[in-house]
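Notes for the structure review
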Amino acid sequence: QVQVVESGGGLVQSGGSLRLSCAASGRTYAMGWFRQAPGKEREYVAATRMNFGTLDYADSVKGRFTISRESAKNTVYLQMNGLKPEDTAVYYCAAASAYRGSFYQERTYDSWGQGTQVTVSS
């Protein structure tokens, strides 16, 4: 089981941008981002297979967030533009060692990071 570590969170004003990074300790089949706002359940944000195509997004972030990958480095990024106060949450990176289901399902992933806080002020 690989280890994953996120970085890049912080405080930004509404309309601003942040870039999150997530590095896995070994090769993975897919990596994704989830987030959890205070008092809410964790929700899917975006995901990608590491070796070919398939970038996927939740409807709430389409057109604003972009997931990208550096497969050789076992690393994914989440570029977040046009941030809104409702994007405030702890953002978690997750890794799947093999195909287990849909990107948006938590059970697809078998390694999780500790999370990084993103706060968007109005």
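Residues numbered from 1 in each chain as written. Predicted model: local features only at pLDDT ≥ 70, side-chain atom pairs only at ≥ 80, totals over all residues. Heavy atoms only, no water.

Here's the deal with the pairing of strand 4 (residues 30-36)
- Judged by how many residues are buried, strand 4 sits mostly within the fold: six of seven residues are covered.
- Joining the antiparallel neighbours strand 4 and strand 5 (residues 43-49) is a turn of six residues, in which Gly 39 adopts a positive phi near 75°.
- Sheet topology places strand 4 next to strand 9 (residues 89-96); seven bridges connect them, and they run antiparallel. What sits directly across from Ala 30, in strand 9, is Ala 96. (Buried < 20%, exposed > 50% of the residue type's maximum accessible area, 1.4 Å probe, protein only. Helix = DSSP H or I, 4+ residues; strand = E, 2+ residues; numbered from the N terminus. Pairing = 2+ DSSP bridges.)

Concerning the sheet that holds strand 8 (residues 75-80)
- Here we have four strands laid out as an open sheet, ordered 1-3-8-7, and antiparallel in their pairing. The sheet is open, and its two borders are formed by strand 1 (4-7) and strand 7 (65-70), each paired with just one other strand. Adjacent strand axes in the sheet meet at a mean angle of 15° when their direction is disregarded.
- Sheet topology places strand 7 next to strand 8; six bridges connect them, and they run antiparallel. Of the residues in strand 8, the one forming a bridge with Ser 68 is Tyr 77. (Axes fitted to C-alpha atoms, helices over the stretch in contact; angles between N-to-C directions.)

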